[in-house]
Amino acid sequence: MHLFITLISILLIVFLCESHEQCGKINRYSESEVCTAEISEYVAAVVEHYPNQEPNLSSEERLMKNTEDFIRILNKIDQNLDIIVFPEATLYANAKMNVHDDALPYATKIQDTITGVSLCSSKGNKEEAAFLINLACAAQNSNTYLVANVIEKSECNDLENCAKDGWNLYNTNVVLDRDGAFVSKYRKFNLFGEHYVNQTAEPDISIFETDFGIKFGMFTCFDILFRRPTLELIEKHNIKHFIFPTMWFSELPFLTALQTQHQWAQRHDAVFLTSGANDPKRGSGGSGIYQGKYGPLKYGIVSEGGSQAHVATVSTHPPEAGGLDATQIDKTAKQMDNFFFLKDDLSLYTSKILTPNQHQYNEQLCSGSGDNNQLCCHFNIQINWNDEILNDGKDHYQYRMVAYSGVRSFSGMYNGGLEICAILACTGEEIGSCSGRFGNYNDVSWPVTFNKISIKANFTIDENKVQHPNSLLSSIRPLPVNAVEWLHRYFQDEPIVEWNYNLIEAQSRLFTFAIYGRDFNRDGPPSTKNTKSLGNINL
Ligand SMILES: *[C@@H]1O[C@H](CO)[C@@H](O)[C@H](O)[C@H]1NC(C)=O
Ligand SMILES: *[C@@H]1O[C@H](CO)[C@@H](O)[C@H](O)[C@H]1NC(C)=O
Ligand SMILES: *[C@@H]1O[C@H](CO)[C@@H](O)[C@H](O)[C@H]1NC(C)=O
């Protein structure tokens, strides 16, 4: 008995010490709130940034002007932040950036180890570029963690794998703490072209722990479409909070920015802090704070071009997701009229058009062949057709059910395996028109209302495959989480998972409703055969 009590008190002391230590770190909350190890509420900001557009700045001027923007945006936020995330590549965007020599003047050294010394202090020999030191001082002034995406230069002397000038360059996210001291860095692995920087031999697994008790993982832009390092952070390291700087090029109908971010956050039930570069004429924009299955807390696209900060509190009890009414969707959709979109090539998809006045569909479409590569999609749809609107002379979207198991090219940069079941809005009769949008939103009306959609398909269980719930409204925002169900089931003795994506709230402004699967087994470098570069994008 005595021993038992001693044991209990030792356990209790250990527990108290631990929670005390935790609380000591969470200084902002420890005074006013009950002190438990479970407090993990934090205030995050993500920044959408429209970079300086002047063509002829020196590298120093360009870096400084964009850094001043960052600091101005940070200083305008009137809440106490725990962390702020800035987007990919906007510190040097619009500079000529093709080869190593173009990038070097924009690059900064970043230390490899944590020393706890603020980059803003006068101590130590500062090897970082001036712009990074300024950001460190801004983090210190605002008492917040700060994440910025920079070009990193790293000294090399291995003759075989080293540029002639002795520097390897990386597309790197750098994290500074509340004091402006180095905490962590991540070198982007899945490069979207970007021939001016190096790829690491293996993906960086970059995880850092904060003084508010949260462990973050990081990855960048194109990484989101791949297995490594993103899914490894989840599966091997159990990370639940992610930082994602991006310069995304939105593509219809599956990969617009918020749609892609949302499907990832929802699929993995992850807290996802996404910060996007803004440039509507190139299709860039879209930032948000997502809380997994609870949906986005804040998100947006500055459709007319510009910068914006989104601030939200991530807590264990997020507010309930709101619905969307048609007026709200239309208002946002109209603002997207001048936004540029890439178009996916759907020519190899199996598809079937939904014909006016048929109210019920129960169909199966298959694509691909072979045990591993055949995909069959089951569609169960209930539709209302409004005759009056059908005859109003305005532009109407038609809808197709589609299935695809195959390979695509991502703008000629890389090939990726896909397994997709979807209902898509099309501007015409042809499948090719299902990645387009009518030019003037005010000329569009909506005769088709989907009362219910159920899409089901079986996928082989494979660590190299992942399926997402993918949706898009005319506003170029995903459906609210409470309008859908995303379900799965397993079957005894069969290595398959059946995913079922349901629309459970009637919707008439639908662009995309899909199970978007990636099959990493079929990924590969771009080939000259069988790839169509649709983007003509140079990052
Ligand atoms: C930028 O430089 C180019 C080439 O030197 C010149 O033709 C152009 O007029 C300059 N543009 C501006 C806005 O100064
Ligand atoms: C990095 O890129 C440079 C320039 O393209 C190249 O010479 C060097 O070998 C690369 N280093 C590594 C580690 O791949
Ligand atoms: C998936 O496979 C299971 C087991 O073979 C089967 O019962 C189910 O109907 C299949 N689902 C679909 C959508 O094909």
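This is a predicted model, so every value here is computed, not measured.

Rules and cut-offs
Residues numbered from 1 in each chain as written. Chains lettered and ligands numbered in written order. Predicted model: local features only at pLDDT ≥ 70, side-chain atom pairs only at ≥ 80, totals over all residues. Heavy atoms only, no water. Near = heavy atom within 4 Å. Polar contact = N/O pair within 3.5 Å; in protein donor to acceptor, adjacent residues only side chain to side chain. Areas by Shrake-Rupley, 256 points an atom, 1.4 Å probe, with all protein chains shown as cover. Nonpolar A, V, L, I, M, F, W, Y, C, P; charged D, E, K, R; others polar. Helix = DSSP H or I, 4+ residues; strand = E, 2+ residues; numbered from the N terminus. Disulfide = S-S within 2.5 Å. Buried < 20%, exposed > 50% of the residue type's maximum accessible area, 1.4 Å probe, protein only.

By nearness alone, every residue bordering ligand 2 is listed as E160, N161, C162, A163, N168 and N198. Contacts to ligand 2 include N161, whose backbone N or O atom sits 3.3 Å from a nitrogen atom. A distance of 3.3 Å separates an oxygen atom of ligand 2 from a polar atom in the backbone of C162. Within the complex, the protein chains bury 61% of what would otherwise be the 360 Å² of accessible surface of ligand 2. Class assignment for the residues of the shell around ligand 2 results in 2 nonpolar, 3 polar and 1 charged.

Another aspect to go through is the site of ligand 3. Near ligand 3 you find H378, K456, N458, F491, E494, I496 and E498, and these make up its full shell. Within the side chain of E498, an N or O atom sits 2.8 Å from a nitrogen atom of ligand 3. Here ligand 3 loses 63% of its free accessible area of 360 Å² to cover by the protein chains. At the level of elements, β21 (448-460) and β24 (494-503) are the ones that each hand at least two residues to the shell around ligand 3. The element best represented in the shell around ligand 3 is β24, accounting for 3 residues. For the shell around ligand 3, a count of residues per class yields 2 nonpolar, 2 polar and 3 charged.

On inspection of all chains with the given rule, the structure shows 5 disulfides. Two residues, C120 and C137, share a disulfide whose sulfurs are 2.1 Å apart. Classification of the bridge connecting C120 and C137 rests on its S-S torsion, roughly 105°, and on that basis the disulfide is right-handed. With a gap of 17 residues between them, C120 in the loop between β3 (107-108) and α5 (130-142) and C137 in helix α5 connect regions that are remote in the sequence. The exposure class of C120 is partly exposed, given its relative accessible area of 21%. The disulfide partner of C377 is C421, and the S-S distance across this bridge is 2.1 Å. Disulfide C377-C421: the torsion about the S-S bond is -75°, which places it as left-handed. Of this pair, C377 sits in strand β18 (residues 375-385) while C421 sits in strand β20 (residues 414-426), placing them 44 residues apart in sequence.

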